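# Commentary on secondary and tertiary structure
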Amino acid sequence: MKNYSLSIYRISINLRNDRNAKVILCDFDDKRDILAIIGSMLETWKTHNHKSRLYNDKESDEERRVSRIRQDGRDRFYLNRLGRYLSGIIESGEYGTEESIIDSDTGYLKYMKGKNDAPMVPFYFMINIHENSPYGYLILERIGNIGIHTILTKAIREYAGKELGSNYVLNINPFMLKEVFEENMSVVSEAKKVILRGVSYGNLSLGRITDSLVNDTDVDADIVYKAGRDRVIDVRKWFNRLFENKRSSGTYVFENITCADIAFELKIGDKVRTVSIARIEGLGTNMDITYKVRYGSDGYPDFASIERQANILMSYIRDNDEGQD
């Protein structure tokens, strides 16, 4: 079975020459509203009367892809605006190659997919832009490792860039939620090993230890902590302190020891993996919904059940967004 998840991103706009000078997203530059701008863009992704109005990314180095707003069987579009929320389903598909399409039961050839044919996969999205806030939020569905983040954010930047002009910078970055992080960490068992990478500490200087016979610039230093026999390190208790000690430069500082990264040897399910702190932080930006949604006749999650999960994330965001900057 495929894995389905929702990824969370935070939207902001700042002045080009001052990243800290964030604007109010619903009222900036003479009453402009980023939600209205994105909504106008998505209106252009509708297909009317079988006349194609697609977002066609022909210039991508990785793949050629078309995207559009999905329609139901009665030609209604999955694009809904309710207050400061915008949600819907974007279909997206790759084209440019030719493949055989067979019957999975018999193996017989059904037809040949042409180079211009694009199998369209549905992806849910939700956007919320608060009133009088410098922050908005974007929730996107992922199916395994496939999603629409790259194509959608590229399109938003292209479209919004024409509206915003050169004085503003649009940011769309992953956003970590404590509730999602804790839910994901509940399935991760304790660590057997903790590795501080790229350590910088005067008393541990190799140049000092070797009386300058070795140049410190030629080496990287790691510190490894191993749990004793039949013991584990409860990393969950340590995470809050890790995040508190993270500097704006991305390094971590403990008792005058600075390190570039921290990795953990964890048992995840029945596998042992070494995971960096950056990857673990990412556990707070994606919520698995595989077993939380209903599936339609097409085999994909239905709109109502996936929107319920998105609304749960939005409720977490309302409780957390003021605390993260």
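Residues numbered from 1 in each chain as written. Predicted model: local features only at pLDDT ≥ 70, side-chain atom pairs only at ≥ 80, totals over all residues. Heavy atoms only, no water.

## Quick look at the overall build of the protein
A tally of helices and strands in the protein yields seven helices and 19 strands. Counting over 325 residues, the protein shows a buried share of 42%. Sequence-distant contacts in the protein: of pairs separated by 6 or more residues, those separated by 24 or more amount to 67%. Counting only carbon and sulfur atoms, one obtains 45% of the accessible surface of the protein, whose full area is about 19100 Å². (Helix = DSSP H or I, 4+ residues; strand = E, 2+ residues; numbered from the N terminus. Buried < 20%, exposed > 50% of the residue type's maximum accessible area, 1.4 Å probe, protein only. Contact = heavy atoms within 4.5 Å. Areas by Shrake-Rupley, 256 points an atom, 1.4 Å probe, with all protein chains shown as cover.)

## A word on the environment of R318
Summarising the element assignment, R318 is placed in helix 7 (residues 303-320). Residue classification places R318 among the partly exposed residues on the basis of a relative accessible area of 47%. Each C-alpha atom, one on R318 and one on H130, is 9.6 Å from the other, the two residues being 188 residues apart in sequence.

## Observations regarding the side chain of R65
Mapping R65 onto the fold places it in strand 4 (residues 64-69). Here R65 falls in the buried class, since its relative accessible area comes to 7%. A distance of 2.9 Å separates polar atoms of two side chains, one belonging to R65 and the other to S92. Of the polar contacts made by the side chain of R65, one reaches the side chain of E94; its length is 3.3 Å. (Polar contact = N/O pair within 3.5 Å; in protein donor to acceptor, adjacent residues only side chain to side chain.)

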